[in-house]
Amino acid sequence: MADQVRFSRRTALQAAMGGLALSVTAALPAATPTQTAGPFFPKHDQADKDLDLTRIEGHAKTARGEVIVVEGRVLDEQGQPVAEALVDVWQANMHGRYAHEADTSTAPLDPDFQGWARLRTDADGRFRVRTIKPGAYPVQANWSRPPHIHFKVARRGFHELTTQMYFAGDALNDIDRLLLAVPEADRPKLVVAFTDGVEGAKAGTFEIVLRRA
Ligand SMILES: [Fe+2]
């Protein structure tokens, strides 16, 4: 609070002085931490890669699981939107299983879950997917991955970013080796809170910040 008061006083002062130094004190977004792509990036192309992962074109049924909406913006480190960025989103199904030949899990596949979306951000840097909350899955005897969604974001002029998004409040977050490998101060950038959104689906906002090349 004290910081905010100090900030606004200083900002007001600078505005009064002509606003020359305003940009010095404005909070700029820091680059999103990178995370491994893991072994399950889609290997084979698929016909339907649209923003709705809960429906595969031509299927009568929809994906099993809790429907969620993930939306956000891709920004540069000056806070400016990055339009036309290519965004790949991929994840396990509600049972924690990837439709990928490298996934040897015995958890069930969901033939109606799309699993992968490939999008472009709009002129305001925005993207949006409708999907289901992925399940946790075991990696080793004493390590299960918490529910997470993989993202890869590419745009000419920027470093390609590969990362993972996590769900706020999940107890597995606190013992996940990949999330714990991110400096503590940066972890909140990857953890998204979901609240009641539209059409009965919970919604969360994931902001992604790219570094210029
Ligand atoms: Fe994963």
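Now for a description of the structure that goes with this document. All figures in this text were calculated on a predicted structure; none of them were measured in a lab. Within each chain, residues carry numbers counting from 1 in the order of the written sequence. With pLDDT at 70 or above as the cut-off, local features in this predicted model cover only qualifying residues; side-chain atom pairs require 80 or more to be listed or tallied, and sums for whole chains, interfaces and linings still use all residues. Side-chain measures were taken over the full set of non-hydrogen atoms in the model, leaving aside hydrogen atoms and water.

### Observations concerning the overall build of the chain
Which entries qualify depends on this criterion: To qualify as a helix, a DSSP run of H or I must reach at least 4 residues; to qualify as a strand, a run of E must reach at least 2; elements of each kind are numbered from the N terminus. Residues count as neighbours in contact if any of their non-hydrogen atoms are within 4.5 Å of one another. Residue exposure ignores everything except the shown protein chains as possible cover, and the areas themselves are Shrake-Rupley values with a 1.4 Å probe.
Of regular secondary structure, the chain possesses three helices and twelve strands. Across the chain, contacts joining residues at least 24 apart in sequence account for 72% of those joining residues at least 6 apart. Within the structure as shown, the chain displays about 11,800 Å² of accessible surface, and the carbon and sulfur contribution to it stands at 53%.

### Re the pattern of salt bridges
Short version of the rule: Think of a salt bridge as a Lys or Arg side-chain nitrogen and an Asp or Glu carboxyl oxygen that are within 4 Å of each other. Residue burial is assigned from relative accessible area. The probe radius is 1.4 Å, only protein chains are included, and a residue is buried under 20% of its type maximum, exposed over 50%, and partly exposed in between.
This model, assessed by the stated rule, comprises ten salt bridges. Note that aspartate 88 and arginine 118 form a salt bridge whose closest N and O atoms lie 2.8 Å from each other. Of this pair, aspartate 88 sits in strand 2 (residues 86-90) while arginine 118 sits in strand 3 (residues 116-120), and the two are 30 residues apart along the sequence. A relative accessible area of 36% means that arginine 118 is categorised as partly exposed. Among the ionic pairs, aspartate 176 bridges to arginine 145, the shortest N-O distance being 2.8 Å.

### Looking at the coordination of the iron ion
Quick reminder of the rule: Donor atoms are limited to N, O and S found within 2.8 Å of the metal ion, a distance that becomes 3.2 Å for Na, K and Ca. With water left out, some sites might look partial. For four-coordinate sites, all angles between 85 and 135 degrees define a tetrahedron; for four- and six-coordinate sites, opposite donors beyond 155 degrees with the remaining angles between 65 and 115 define square planar and octahedral shapes respectively, and all other cases count as irregular.
Donor atoms from the polypeptide that bind the iron ion are Tyr98 (OH), Tyr137 (OH), His148 (NE2) and His150 (NE2), placed at 2.0 to 2.3 Å. Taken together, the four donor atoms coordinating the iron ion and their angles of 91 to 162° define a geometry best described as irregular.

### Observations concerning unusual backbone geometry
Located in the positive-phi region is glutamate 84, a residue other than glycine, with phi close to 60°. Judged by its relative accessible area of 45%, glutamate 84 falls in the partly exposed class.

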